[in-house]
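Coordinate inspection notes
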Amino acid sequence: MQTYDLEANGLRGLNSALQELNGSSNKTAWEIVNPKGSHAIAVGLNSPIEVTVKGSTGYYCAGMNQQATVKVEGSAGPGVAENMMSGTVIVEGDASQYAGATGHGGLLVIKGNASSRCGISMKGIDIVVHGNIGHMCAFMAQAGNLVVLGDAGDALGDSCYEARFFVRGNVKSLGADCIEKEMRPEHIEILKDLLARAGADAKPEEFKRYGSARTLYNFDVDNAQAY
């Protein structure tokens, strides 16, 4: 286990050391102490390492992640796991706005609540939130899965494409072109797998599925007010 004191040694040295790992090093487990809400911790990683942040972080923690597993033992500021490509990011506390924004792949697990715009423009990432999510989540979501064990705020899935949204609690309102959809056996299997991987104690049958009505894919003057 490599221990890095962020307060004493600085952010640039940490990210440089983590980004230089190429999979051939035996330094695969890292512990970051004294993060004190610092921004851009463990960004741009591209090797199968495990990084544990012992405390809360600022914005863009674990952004652009590939292959690595990053665990935040606290809460995360705006944009955690932004533009994530692969790997796993786990936030033990709450996440601020636009968690997982534009993510292309991998798994983001938020064990507390997520604020507004969680999963905005997601492009293949899987996001599991154990608590509630705020307004405008999954806005323009293109692909991937958003799983919410609690409630969802206003305008869920506004202007979405082919992403899937599974919500166990109440949805305050659906965004433009987002509707409730049938939960078929294949969706039960997808959800069962995601819940297991996220360590979530819930049954797939308790959820409702939402997604695109596909009426805004091409401009239609009859739908002008919905754009």
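Predicted, not measured: the structure shown is a model, and the values here were computed from it.

Definitions and cut-offs
- Residues numbered from 1 in each chain as written.
- Predicted model: local features only at pLDDT ≥ 70, side-chain atom pairs only at ≥ 80, totals over all residues.
- Heavy atoms only, no water.
- Patch = residues over 30% accessible without salt bridge, like charges linked within 9 Å, V, L, I, M, F, W, Y side chains within 5 Å.
- Areas by Shrake-Rupley, 256 points an atom, 1.4 Å probe, with all protein chains shown as cover.
- Salt bridge = Lys/Arg side-chain N within 4 Å of Asp/Glu carboxyl O.
- Helix = DSSP H or I, 4+ residues; strand = E, 2+ residues; numbered from the N terminus.
- Buried < 20%, exposed > 50% of the residue type's maximum accessible area, 1.4 Å probe, protein only.
- Phe/Tyr/Trp six-rings, centres within 6.5 Å; stacked < 30°, edge-to-face > 60°.
- UniProt positions renumbered as here; feature names shortened; annotations may be inferred.
- Arc of directions from axis to C-beta.
- Contact = heavy atoms within 4.5 Å.
- Pairing = 2+ DSSP bridges.

It is worth spelling out a nonpolar patch on the surface at this point. Where nonpolar side chains cluster on the molecular surface, the patch consists of Met 140, Tyr 161 and Tyr 217 and spans about 270 Å² of accessible area. Looking at where Met 140 falls in the secondary structure, it is placed in the loop between strand S7 (123-129) and strand S8 (143-148). The class of Met 140 is partly exposed, set by a relative accessible area of 34%.

Attention shifts here to the packing of aromatic side chains. Evaluation of the coordinates by the stated rule reveals two aromatic pairs. For the ring pair Tyr 60 and Tyr 98, a centre distance of 6.4 Å and an interplane angle of 40° mean the geometry is tilted. Taken together, the residues span a long stretch of sequence, with Tyr 60 in the loop between strand S3 (50-53) and strand S4 (69-72) and Tyr 98 in the loop between strand S5 (88-91) and strand S6 (107-110) at a distance of 38 residues. Classification of Tyr 98 by relative accessible area gives partly exposed; the value is 24%.

We now examine unusual backbone geometry. Phi at Ala 42 is positive, roughly 55°, even though this residue is not glycine. With respect to the secondary-structure elements, Ala 42 resides in the loop between strand S2 (29-33) and S3.

All right, on to the UniProt feature "domain: Glutamate synthase alpha subunit C-terminal" (unreviewed entry) in the protein chain then. In this numbering, the UniProt entry assigns the feature "domain: Glutamate synthase alpha subunit C-terminal" (unreviewed entry) to residues 42-174. The span residues 42-174 carries 0% helix and 25% strand; its end-to-end C-alpha distance comes to 34 Å.

The periodicity of an α-helix, 3.6 residues per turn, causes residues three or four places apart in sequence to face the same way. Those residues of helix H2 (residues 11-19) not exposed but buried are Leu 14, Asn 15 and Leu 18. On an axial view of H2, the arc spanned by its buried residues comes to 90°, and they lie on one face. Taken together, the buried residues of H2 touch strand S1 (2-5), helix H1 (6-9), S2 and S3.

Moving on: the pairing of S8. Counting buried positions over the six residues of S8 gives five, a clear majority of the element. As judged from the five bridges shared by S7 and S8, these two strands associate in the parallel manner. Residue Asp 126 lies in a different strand from S8, and its bridge partner there is Asn 145. As defined by bridge partners, S8 adjoins strand S9 (residues 164-167) across four bridges and the pair is classed as parallel. Bridge assignment links Asn 145 to a residue of S9, and that residue is Arg 164.

Attention now goes to the environment of Tyr 161. Counting through the fold element by element, Tyr 161 comes out in the loop between S8 and S9. Classification of Tyr 161 as partly exposed rests on a relative accessible area of 36%. Expressed as a C-alpha distance, the spacing of Tyr 161 and Met 183, which sit 22 residues apart in the sequence, is 17 Å. When sequence neighbours within four positions are dropped, the list of residues in contact with Tyr 161 reads Met 140, Ala 141, Gln 142, Ser 212 and Tyr 217.

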